[in-house]
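# Survey of secondary and tertiary structure
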Amino acid sequence: MGKPQGQTGQAAPEGGWGWVVVGALFLVSALVFGLIRSLGVFFVELESYFDESAQAVSWITSIGLAIQQLFSPFGTALCNLYGARPVVMFGGILAGLGLILASQATSLTHLYLTMGIISGSGWAFVFTPTVVSVMQYFTRRRSLAMALGFTGVGLSSFAFSPLFQLLVETYAWNGALLVLGGLSLNIVACGALIRPVATPKAVKQNLTESRRSSACRNFLSRVSMNFELPLLTQRPFLTYALAVTLFNSGYFVPYVHLVAHSRHEGFSEYQAAFVMSATGVADIIGRVVAGWASDLGRVWLPRMLTVWSGLVGVFLVLLPLGSLGGSYAGLMAISLAYGFCSGGMTPLVFAAVPEIVGMDRTLGALGLLHLIESLGGLLGAPLSGWLKDQTGSYAASFVMAGTFLLLGTAVTTTLPNFCTCTKAGATKAQSDAPEPSLESGLITTSLSSPTTPIQMETVESEDEDGNIHSPVGDPERSGVTSGRTEDDVSC
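Residues numbered from 1 in each chain as written. Predicted model: local features only at pLDDT ≥ 70, side-chain atom pairs only at ≥ 80, totals over all residues. Heavy atoms only, no water.

To be explicit about the condition: UniProt positions are given in the numbering used here, feature names are shortened, and annotations may be inferred rather than shown by experiment.
By the naming in an unreviewed UniProt entry, the protein chain is Monocarboxylate transporter 13, taken from Denticeps clupeoides. The Sequence similarities (unreviewed entry) comment attached to the protein chain in UniProt states, word for word, "Belongs to the major facilitator superfamily. Monocarboxylate porter (TC 2.A.1.13) family." Under the Function (unreviewed entry) heading, UniProt states for the protein chain: "Proton-linked monocarboxylate transporter. May catalyze the transport of monocarboxylates across the plasma membrane."

### Topic: the overall build of the protein chain
Note the cut-off: A run of H or I in DSSP counts as a helix once it spans at least four residues, and a run of E counts as a strand once it spans at least two, with each numbered from the N terminus. By the convention used here, residues are in contact when the closest approach between their heavy atoms is within 4.5 Å. Per-residue accessibility takes into account occlusion by the displayed protein chains alone, with areas from the Shrake-Rupley method and a 1.4 Å probe.
Of the regular secondary structure elements, the protein chain holds 21 helices and zero strands. When contacts within the protein chain are restricted to residue pairs at least 6 apart in sequence, those whose partners lie at least 24 apart make up 85%. With the model as given, the accessible surface of the protein chain reaches about 19400 Å², and the carbon-plus-sulfur share is 65%.

### Regarding the packing of aromatic side chains
Rule in force here: Geometry of aromatic contacts follows a simple scheme: Phe, Tyr and Trp rings, the Trp one being its six-membered ring, pair when their centres are within 6.5 Å, and the pair is stacked under 30 degrees between planes, edge-to-face over 60, tilted otherwise.
One pass over the full model with this rule turns up 17 aromatic pairs. Measuring from ring centre to ring centre gives 5.3 Å for Tyr-49 and Trp-173, while their planes differ by 70°; the resulting arrangement is edge-to-face. Here Tyr-49 is found in helix α2 (residues 40-49), whereas its partner Trp-173 is found in helix α7 (residues 142-184), with 124 residues between them in sequence. Taken together through their ring pairs, the aromatic side chains of Phe-33, Phe-127, Phe-150, Tyr-251, Phe-252 and Phe-350 make up a single cluster.

### Quick notes on the packing of helix α5 (residues 84-102) against α7
Heads up, the condition is: Orientation is described by axes fitted as lines to C-alpha atoms, over the contacting stretch for helices, and by angles from 0 to 180 degrees between their N-to-C directions. Orientation is classified from the angle alone, with under 35 degrees giving roughly parallel, over 145 giving roughly antiparallel, 65 to 115 giving roughly perpendicular, and any other angle giving oblique. We call a crossing left-handed when the near helix sits turned anticlockwise from the far one by less than a right angle, and right-handed when that turn is clockwise. Under the scheme applied here, ten amino acids are nonpolar (Ala, Val, Leu, Ile, Met, Phe, Trp, Tyr, Cys and Pro), four are charged (Asp, Glu, Lys and Arg), and all others, including Gly, are polar.
Closest axis-to-axis distance for the α5/α7 pair is 7 Å, and the angle between their directions is 170°. Accordingly, the angle class assigned to the pair α5 and α7 is roughly antiparallel. In the packing of α5 onto α7, the handedness of the crossing is left-handed. The segment α5 lies against α7, with Gly-92, Ala-95, Gly-96, Leu-99, Ile-100 and Ala-102 engaging Trp-173, Leu-177, Leu-178, Leu-180, Gly-181, Gly-182 and Ser-184. Counted by class, the contact of α5 with α7 contains eight nonpolar, five polar and no charged residues.

### Here we look at the environment of Leu-31
Checked against the element boundaries, Leu-31 lands in helix α1 (residues 18-38). Each C-alpha atom, one on Leu-31 and one on Ser-156, is 7.9 Å from the other, the two residues being 125 residues apart in sequence. Not counting residues within four places of it along the chain, the set of residues in contact with Leu-31 comprises Trp-123, Phe-160, Leu-183, Ser-184, Asn-186 and Ile-187.

### Remarks on the nonpolar core
Heads up, the condition is: The nonpolar core is taken to be a set of buried Ala, Val, Leu, Ile, Met, Phe, Trp, Tyr and Cys residues, with the residues joined through side-chain atoms within 4.5 Å. Per-residue accessibility, obtained with a 1.4 Å probe over protein chains only, is compared with the maximum for each type, and a residue is labelled buried under 20%, exposed over 50%, and partly exposed between these values.
Within the largest apolar cluster, 120 residues are counted, with the highest numbers of intra-cluster contacts made by Phe-42, Leu-111, Val-131, Leu-177, Tyr-240 and Met-345. With near-sequence residues (within four places) excluded, Leu-111 lies in contact with Leu-46, Phe-50, Ile-60, Ala-102, Ala-105, Gly-116, Trp-173 and Leu-177.

### Re the pattern of salt bridges
Heads up, the rule is: We define a salt bridge as a contact between a side-chain nitrogen of Lys or Arg and a carboxyl oxygen of Asp or Glu at a distance within 4 Å.
In this structure the tally under the stated criterion is three salt bridges. Taking the shortest distance from any N to any O, the salt bridge between Arg-263 and Glu-269 comes out at 3.8 Å.

### Considering the confidence of the model for the protein chain
Which entries qualify depends on this criterion: The predictor's confidence in any single residue is recorded as pLDDT, a number from 0 to 100.
This prediction gives the protein chain a mean pLDDT of 79; 79% of its residues lie at or above 70. In this model, residues 1-9 is a region of pLDDT below 50 whose contacts with residues beyond four sequence positions or in other chains number 21 contacts. Within the model, pLDDT remains below 50 along residues 445-491, and this stretch shows 60 contacts once partners closer than five positions in the same chain are excluded.

### So, helix α14 (residues 301-322)
Think of an α-helix as turning once every 3.6 residues; residues three or four places apart then point the same way. Note the cut-off: By this rule the span expected of a helix is its residue count minus one, scaled by 1.5 Å. By definition, a residue's bend is the angle between the axes fitted to the seven residues ending there and the seven starting there.
For α14, built from 22 residues, the straight-helix expectation of 32 Å at 1.5 Å per residue is met to within 8% by its first-to-last C-alpha distance of 31 Å. Most pronounced at Leu-316, the bend in α14 amounts to some 30°, and the proline Pro-320 follows within four residues.

### Some remarks on a nonpolar patch on the surface
Just so we agree on the cut-off: Patch building starts from residues that exceed 30% relative accessible area and form no salt bridge, then joins like charges within 9 Å and nonpolar side chains (Val, Leu, Ile, Met, Phe, Trp, Tyr) within 5 Å.
On the surface, Leu-155, Phe-158, Phe-274, Val-281, Ile-285 and Val-289 cluster together into a nonpolar patch covering about 480 Å² of accessible area. Counting residues per element, the ones that place at least two in the nonpolar patch are α7 and α13 (269-295). Per-element tally for the nonpolar patch: the top contributor is α13, with four residues. Examined against the element boundaries, Leu-155 turns out to sit in helix α7.

In structure tokens:
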């Protein structure tokens with residue numbers, strides 16, 4: 001099969017080489033978030049080896065996660081300049097290098113710098129470009145493709161927890177990190193498989209921009225375009241970013257502290273690791289079910305997301321109750337329920353982005369989204385560790401994490417038209433739905449091109465001249481613009 005070519009605006013090929021890219025996402029998600037979620041196996045060992053508090057050790061994962069999210073806009077900007085393949089391959093090198101250097105650490109500060117900053121930077125250049133590469137290949141089956149790619153997280157959670165425990169017992173924690181560093185270098189091969197459908201934005205702009213533009217204005221225009229900075233002025237995007245930040249504050253707490261919580265309740269090392277493994281299996285099932293259900297197109301993705309995120313919050317609050325009285329079965333049952341719902345939630349968080357910002361802006365939007373949510377990733381696990389240090393147990397930590405998920409669910413319900421009863425495709429533009437609403441997003445009307453002010457002036461002049469195009473949000477006028485507006489705000 002030849003290398004796919006095309007522009008951002010062309011129809012997605014709905015498969016083909018896209019399934020190979022889905023396979024690359026499977027491995028990337030396993031070697032990034034599957035690895036992050038299984039680092040809890042090292043938690044007790046590092047706490048004992050360095051004689052540090054739970055809060056101090058929690059900063060290792062939090063810094064790595066925060067750097068991954070904080071540097072994501074730079075990764076997406078580089079993709080706009082050079083394409084996804086070289087960026088992902090470079091990120092794979094950094095991810096492996098950080099873990100290899102971490103194996104030589106003699107203090108927690110060294111782990112902060114290596115696993116946190118170096119590996120975190122590599123993860124930033126790897127994850128988002130791979131996710132968007134998959135999105136570009138699919139429209140109708142996008143959620144399912146994303147879910148299948150993200151099953152790598154659940155499968156690796158099942159396999160990595162007992163594997164990491166075995167590596168720690170065989171080679172100690174530093175030898176285990178050395179092995180993980182070599183394993184992470186496989187991301188480089190995954191990056192080599194990526195063939196993005198869309199031409200990098202910077203290439204397209206260089207072909208069309210005016211030579212009469214000043215150097216300064218041209219530079220600022222490129223920065224704004226590559227980072228998608230106009231999204232920071234749009235209410236739908238900011239609302240969604242706040243919701244995801246709250247999600248992020250609580251989502252990773254079980255993957256940092258669930259193993260330690262199980263050990264604290266008196267269960268053995270392998271029993272604790274198996275809880276995480278079983279959660280990973282439920283995670284896989286949840287991702288596939290959520291991807292299949294969302295591709296049916298019967299429920300608007302942000303609405304479906306609130307169902308899954310609300311359930312995740314509830315089960316996190318209930319998680320400490322599962323192990324009351326030393327009940328391993330109770331702990332396992334609630335952990336399985338949590339794993340299933342958290343697995344269903346994850347692909348929808350990403351698949352819903354094109355419905356809010358439009359497909360053309362998804363790459364930059366994901367970068368900015370990771371940047372904003374990094375605050376939640378940075379503070380969630382250390383706050384959980386601090387609560388454990390203060391209370392002597394992890395019960396308050398899980399209640400706090402569940403509360404963050406429930407708050408994020410409430411914020412998601414404030415998205416524009418969330419409570420509207422209009423169904424996607426119920427307008428006279430039904431023949432174009434649901435794909436146009438999926439590709440254009442909630443804010444396309446106000447950000448339909450890089451030259452938004454010019455477009456808005458055109459709309460105003462058309463109104464003054466009495467043309468049929470009506471202002472955004474005017475339901476009483478008919479015509480092309482009215483049909484698009486109804487489509488954009490449909491459920």
